[in-house]
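Chain residues, written in single-letter form:
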Amino acid sequence: MLPPVRLWTWGIVLLFAFGQPSARDLDQDQALRLRQEGVIQPLEQLVQNALGRYPGARLLEVELEEEHGIYVYEVELLTASGVVRELELDARDGRLLEDEEDD
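Not measured: the values here are computed from a predicted model. (Residues numbered from 1 in each chain as written. Predicted model: local features only at pLDDT ≥ 70, side-chain atom pairs only at ≥ 80, totals over all residues. Heavy atoms only, no water.)

With that out of the way, let us pick up the overall build of the chain. When you go through the chain residue by residue, the secondary structure sums to three helices and five strands. Looking at the chain residue by residue over its 103 residues, the buried ones come to 29%. Of the contacts made within the chain by residues no fewer than 6 positions apart, 36% connect residues no fewer than 24 positions apart. Total accessible area computed for the chain in this model is approximately 7200 Å², and 54% of it derives from carbon and sulfur atoms. (Helix = DSSP H or I, 4+ residues; strand = E, 2+ residues; numbered from the N terminus. Buried < 20%, exposed > 50% of the residue type's maximum accessible area, 1.4 Å probe, protein only. Contact = heavy atoms within 4.5 Å. Areas by Shrake-Rupley, 256 points an atom, 1.4 Å probe, with all protein chains shown as cover.)

The next thing to look at is the nonpolar core. Among the nonpolar cores identified, the biggest contains 18 residues, and Ile40, Leu64, Tyr71, Tyr73 and Leu77 are the most heavily contacted of them. At the level of elements, α2 (28-36), α3 (43-53), β3 (70-78) and β4 (84-90) are the ones that each hand at least two residues to this core. (Core = buried A, V, L, I, M, F, W, Y, C linked by side-chain atoms within 4.5 Å.)

Right, let's get into α2. Sitting at the amino-terminal end of α2 is Asp27, which places a side-chain oxygen 3.0 Å from the backbone nitrogen of Asp29. Positive backbone phi, approximately 80°, marks Gly38, located one or two places after α2. (Polar contact = N/O pair within 3.5 Å; in protein donor to acceptor, adjacent residues only side chain to side chain.)

Every regular strand shows the same layout, with side chains that alternate between the two sheet faces. Burial analysis of β4 places six of its seven residues in the buried class, the great majority of the element. Summarising the sheet, β3 and β4 pair through seven bridges and their orientation is antiparallel. Residue pairing across strands places Glu76 opposite Glu86, the latter belonging to β4. Pairing analysis gives five bridges linking β4 to strand β5 (residues 96-101), with the strands arranged antiparallel. (Pairing = 2+ DSSP bridges.)

Looking now at α3. Those residues of α3 that sit buried are Leu46, Val47, Ala50 and Leu51. Within α3, the buried residues cover an arc of 140° as seen down the axis, which keeps them to one side. The exposed set on the far side of α3, more than 90 degrees from its buried face, consists of Glu44, Gln48 and Gly52. Contact partners of the buried residues in α3: β2 (58-67), β3 and β4. (Arc of directions from axis to C-beta.)

Dropping the structure here:
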């Protein structure tokens, strides 16, 4: 059995590791409000930029999330060669945060 101090320390570690969600999905009403307030860019503009990275790609899915205080569009594309790509874009300025092949 672990001493009480060690148990308390592990409790704190687990709280920080699992107690706080790293991302929060936003619904369409929240997204509309953020767009109207000028906090995020129009989805259509960012999707077109994402599709431009992969000519001939098709849009599969888009989600707006808040990750660590940053609004992020997760855009899933099917490329012309049949590869699924997941791009993360900063919803405020459209900056590409991540681009990876989705398994």
